[in-house]
Amino acid sequence: MSRKIKARNFHQAKWDEPVIFELSNKGERGILFPEIEKEIEQIIGDGISSLPKNMIREQLPNLPELSQMQVLKHFLRMSQQTLGADFNVDIGQGTCTMKYSPKINEKFATDPKFTELHPSQDESTVQGILEIIYKLDLYLREISGLDKFTFQPGGGSQAIFAIASIIQAHHEANGEADKRNEIITTMFSHPSDAAAPVVKGYNIINIYPNEDGLPAVEALKTAVSERTAGLLITNPEDTGIFNPKIKEFTKIVHEFSGVCGYDQANANGILGITRAKEAGFDLCFFNLHKTFSSPHGCGGPAAGALGATEEFTKYLPIPLVEFDGDKYFFNNEVPNSIGKVRAFYGVVPAILKAYSWIMSLGSEGLREVAEIAVLNNNYLLKKVLELRGASAPYAEGRHRIEQVRYSWDELYKETGITTEDITCRMVDFGFHMWSSHHPFIVPQPFTLEPTESYSKAEIDEYIAGLKKVVEEAYENPELVKTAPHRSVVHKIDYEPLDDPDRWAITWRAHLKKNK
Amino acid sequence: MSKKKVHPYIPNSVPEIKAQMLEEIGVSTIDELYEDIPEDLRFKGKMNLPEPFLSEYDLKKHVNQILAKNQTCQENLSFLGGDCWQHYVPAICDEINQRSEFLTAYAGEPYEDHGRFQALFEYASMMGELLDMDVVNVPTYDWGQAASTSIRMAARITKRTEVLIAESISPDRLSIIRNYCKPVIKIQLVKFDKETGKINIADLKEKISSSTAAIYFENPSYLGCIEDQGKIIADITHTHGALSLVGVDPISLGVLIPPSNYGADIICGDIQGLGVHMQYGGSLAGFIATRDEEQYVMEYPSRLFGITTTAVEGEHGFGDVTYDRTSFHDRIEGKEFIGTASALWGITAGVYLALAGPHGMKDLGQLILQKSQYAIKKFSEVKGISIPFSLSSHFKEFVVDFSDSGKTVDEINKALLEKGIFGGKDISSEFPELGNCAVYCVTEIHSKEDIDRLTQTVNEFLNEEGI
């Protein structure tokens, strides 16, 4: 490696692109639809006059009017003003598992042999896609050790909601639903592990981390009781510290007849290393858009693959996809099913991409993914700790799994520069840097996750970016405070976004409020 | 990996690099990095997965072979609808949602991801015009989730826990709502009129009370009928201090008035029809829209993107509106929960609406009306077939009743399948009281020839010997 690694002299595309309504020209058309056949028109007429008078839209919607190339150009410019994982060393969005989403898998997912399938087609016409759904179920059984998967949840949070629903259905079947009204989770689990069960009427007990950054067994023992419906816990948590007592956690909760749900949304560091089964869980879920490479799409489409032990399979949402040795089919006879959480069978493009990803790696490849993700993370950890003002709270001197929640607290105390300031300055070098979920238990937090996809040189470049910003923080804090300087836009005025008199969630609201 | 090849997706598998990094960390094996995972939690076996296709060519061959087993709506003639629809997808919709920037971005800040914020703000803005509402969310999972959340929002706003739902709703969606509301909200169904498919107003009046948080109905309904009593329903609802919630097919709104114009307080639905391929039902995305009133805005669980100013005069900035109400900010007190859902389809629907414009949406709506009315006419000429709810108007979907033909929908659909036609969705078990019925869906993609071929084939099967 001869190239000296340094932060780039980056500048993001800046088109100063107007809002689309500002580009409208009366009369322009972006696309034309087919003309109605004369014979139909003769028989039917205009189609509109047979509608009830009070239902006819007289005033056309005030949509913008643009020609086709102008629409294309506008959206392409906006795309250039978005920093996708395909462009940057995307290790700054920790917990999100930003990895390479292989282009070949996009080819499969945009093939008309898949895109033009309707979910209500006869089973005989969809044997191919059902095979993929079923086989991904088989593969995830191997990866988790559990006995059956559904892909219906449209994301990790919906999977958590489905797990909370199953926990409730289970206690209902045992006549204990009213009595068991508490879900236990931890502060370093995903916020939805608490928020989704609240929707099901549960009270939440949040276990805070101890000085090692872990939920203590003692804290769980205090929390658990005959009111416990279940446990929803992420492991490794957002700190990247693996909870070695996890089996004891499930044992304790089971002793009180609670149900254990494992948040494996991000399982990127543990594929083939450790599984839900051995840790004693009844239910678990994986995010196909994280660990299993389906791209994040600006915030979805996503998919939560929800697995259950044999005992809990009877609660899964319907239908399940089964195989009788000859053909694939839907099974709607799931005795205690919670019903449905999402329409049809889930986010099938993500299922297809996850299937293809696994088929490109196999058993050894998946393990290699995990091991290299962990290697990259610990290498990054070593390098971050060499930066002035940075620290990795908890578990000092220990290694981490796939990510680390770091802190700029020392740097903040010495310079007044916050995590937010650094985030804005990192943008100037073409990087993301994410803080963490609220509340900020770790002061001035930032979370990095270098997955298996990034080369050593790329990780070094990210470090060079951080190093540069740290130097600036100490030497020229104003430069950091006023960042970004080379991004699409400059410091945003956030206040109107929290003021009912000024916020504008649509262009029409903006025009009304800001004449 | 069998031949110790370095996998193209894992750069630091190169042995020299790996060794260098291990040395830097100060360990000799990767296993040492897993020191916190106790022995009894280590997976000792080998995952029983098929041998991988390490070459991209082999992988492509493998997956294509499986996909080749599918028969698609493009290769056949399909009349399936009911929560997932075959509309024409303009080329630019695919072009934009396949752009690496949008496809692989996630949760960046309003600076480096300015385009993502603006695109989703514009999506919401164009939906707002279509719906005549000032607030639209960043898309949620699907219509079922959007309806469920609309109901939950109404319950929080009214501080009531009972909701009325029109019985003509999609049964799958009702199942989603039931699970989402349980055990906090009680659901009661309101009957529909057997002649018109519209809400039975007398039944509504009987069931509504001062405990009712909201009524939820769909327009057009799952059974395809256009509900023209929206104003009457809203008035009754509002008299009782409850909210009117309406699920709507946005593609109908170039010709039909939006529910906000007949008193809806919250509108929801699915945007899949707006420029997104069906993808076996895997590409749904739900929207929720309300007026710009604080008590409504503060009850959304969703991300809401707003426009603002920046340090530079004349520059548009974008960001989260009232982020503190979300579960990202407060995991206990936040409204419901928020997570990754369907943003890319929102951006795509924005492209679609920008392409169609006001006149395109009207042309499209009119075209669908004419074609579906023609299909209804042709069906009603076939002996053994009747069209229920004939006193109502339809948009793109309508019920076909085969009860008098002596054949089941299943038998008819099997016969159609042999001729390369996917018949309408069988609802004989979903709505047994209607008899032997299917919901047919006709859109702008169907030509006169397609519709004639459908009805002729049905006629031949029902009324001609020896087919």
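1. As for the overall build of chain A
Next, step 1: Secondary structure summary: chain A contains 16 helices and 11 strands in total.
Next, step 2: Its C-alpha atoms give chain A principal-axis dimensions of roughly 80 × 65 × 50 Å.
Next, step 3: The 515 residues of chain A split such that 62% are buried.
Next, step 4: In chain A, the share of contacts with a sequence separation of at least 24, taken over all contacts with a separation of at least 6, comes to 73%.

2. Focus: the overall build of chain B
Next, step 1: In terms of regular secondary structure, chain B is built from 13 helices and 14 strands.
Next, step 2: For chain B, the C-alpha atoms occupy an extent of roughly 80 × 60 × 50 Å along the three principal directions.
Next, step 3: In chain B, buried positions account for 64% of the 467 residues.
Next, step 4: In chain B, once contacts between residues fewer than 6 apart in sequence are set aside, the share between residues at least 24 apart is 71%.

3. Regarding the sheet that holds strand β11 (residues 397-401) of chain B
All names here are of chain B.
Next, step 1: Overall, antiparallel pairing links the three strands, which are arranged β11-β14-β13 in an open sheet. Two strands lie at the open edges of the sheet, namely β11 and β13 (425-426), each paired on one side alone.
Next, step 2: As paired elements, β11 and strand β14 (residues 437-441) share five bridges and run antiparallel to each other. Each bridged residue has a counterpart across the sheet, and for Asp 401 the counterpart in β14 is Cys 437.

4. What to know about the domain arrangement of chain B
Next, step 1: Splitting chain B by domain gives domain 1 (11-58), domain 2 (77-85 + 359-463) and domain 3 (91-353).
Next, step 2: A C-alpha centroid distance of 45 Å is found between domain 1 of chain B and domain 3 of chain B.

5. Thoughts on the pairing of strand β5 (residues 212-219) of chain B
Residues and elements named next belong to chain B.
Next, step 1: The buried fraction of β5 is high, at eight of eight residues.
Next, step 2: Alignment of strand β3 (residues 162-166) against β5, held across four bridges, turns out to be parallel. Residue Ile 165 lies in a different strand from β5, and its bridge partner there is Tyr 216.
Next, step 3: Pairing geometry for β5 and strand β6 (residues 243-248), over six bridges, is parallel. Its bridge partner being in β6, Glu 218 is matched across the sheet by Gly 247.

6. Notes on the nonpolar core
Next, step 1: Core analysis: the biggest nonpolar cluster contains 322 residues, and A:Ile163, A:Ile351 and B:Ile151 have the highest contact counts within it.
Next, step 2: For A:Ile163, the residues in contact, after removing those within four places along its chain, are A:Leu232, A:Gly261, A:Leu283, A:Phe285 and A:Leu306.

7. Describing the sheet that holds strand β2 (residues 182-186) of chain A
Residues and elements named next belong to chain A.
Next, step 1: Read across the open sheet, the seven strands follow the order β1-β7-β6-β5-β4-β2-β3; overall the sheet is mixed. Looking at strand neighbours, the two that pair on one side only are β1 (148-150) and β3 (203-207), the edges of this open sheet. Pairs of neighbouring strands in the sheet enclose a mean axial angle of 20 degrees, with direction left out of account.
Next, step 2: With three bridges joining them, strand β5 (residues 259-263) and strand β6 (residues 283-287) adopt parallel strand pairing.

Rules used in this analysis
- Residues numbered from 1 in each chain as written.
- Chains lettered and ligands numbered in written order.
- Predicted model: local features only at pLDDT ≥ 70, side-chain atom pairs only at ≥ 80, totals over all residues.
- Helix = DSSP H or I, 4+ residues; strand = E, 2+ residues; numbered from the N terminus.
- Buried ≥ 20, exposed ≤ 12 C-beta atoms within 10 Å, placed from the backbone.
- Contact = placed C-beta atoms within 7 Å.
- Pairing = 2+ DSSP bridges.
- Domains from an automatic or database assignment.
- Core = buried A, V, L, I, M, F, W, Y, C linked by C-beta atoms within 7 Å.
- Axes fitted to C-alpha atoms, helices over the stretch in contact; angles between N-to-C directions.

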